[in-house]
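Descriptive structure summary
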Amino acid sequence: MTRQEIDARKQELGEQQLQLAAVMSESDAHASKCIKLGLNFQESYPDDYAAYTAAREQYNANEEELAKLEAIEPEFEEPINSPD
């Protein structure tokens, strides 16, 4: 991968991370309520729980890919010579 390709993928993953974090934070109010009332979050709000779980799994997978991208040594690119 070239530096440009790595940077573009990192940007894409960063944007996805923000969206996934928003999904996870949306369920925080219901999760807090369940904790305070001694309820089971998964049983009380199954849709929120499913959305949170899926978002968390994708978030973690993206974190792993971002770490791998950081470790990649970019391919050498020949400089583009512009005509003078």
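Residues numbered from 1 in each chain as written. Predicted model: local features only at pLDDT ≥ 70, side-chain atom pairs only at ≥ 80, totals over all residues. Heavy atoms only, no water.

**Description of the packing of helix α1 (residues 3-26) against helix α4 (residues 46-71)**
Between α1 and α4, whose axes approach to 9 Å, the crossing angle comes to 155°. When the axes of α1 and α4 are compared, the pair comes out roughly antiparallel. Seen along the crossing, α1 lies across α4 with a hand that is left-handed. Judged by residue contacts, I6, R9, K10, L13, Q16, Q17, L20, A21, V23 and M24 of α1 engage A51, Y52, A55, R56, Q58, Y59, N62, E63, E65, L66, L69 and E70 from α4. Across the contact of α1 with α4, the residue classes tally to 12 nonpolar, four polar and six charged. (Axes fitted to C-alpha atoms, helices over the stretch in contact; angles between N-to-C directions. Helix = DSSP H or I, 4+ residues; strand = E, 2+ residues; numbered from the N terminus. Parallel < 35°, antiparallel > 145°, perpendicular 65-115°, else oblique. Left-handed = near helix turned anticlockwise from the far one by under 90°. Contact = heavy atoms within 4.5 Å. Nonpolar A, V, L, I, M, F, W, Y, C, P; charged D, E, K, R; others polar.)

**With respect to the pattern of salt bridges**
Summed over all chains, the structure comprises four salt bridges. In this structure, E12 engages R9 in a salt bridge whose closest nitrogen and oxygen atoms are separated by 2.7 Å. Taken together, the positions of E12 and R9, both in helix α1 and three residues apart, correspond to about one turn of that helix. A salt bridge links R9 to E65; the shortest N-O distance between them is 2.8 Å. With a gap of 56 residues between them, R9 in helix α1 and E65 in helix α4 connect regions that are remote in the sequence. (Salt bridge = Lys/Arg side-chain N within 4 Å of Asp/Glu carboxyl O.)

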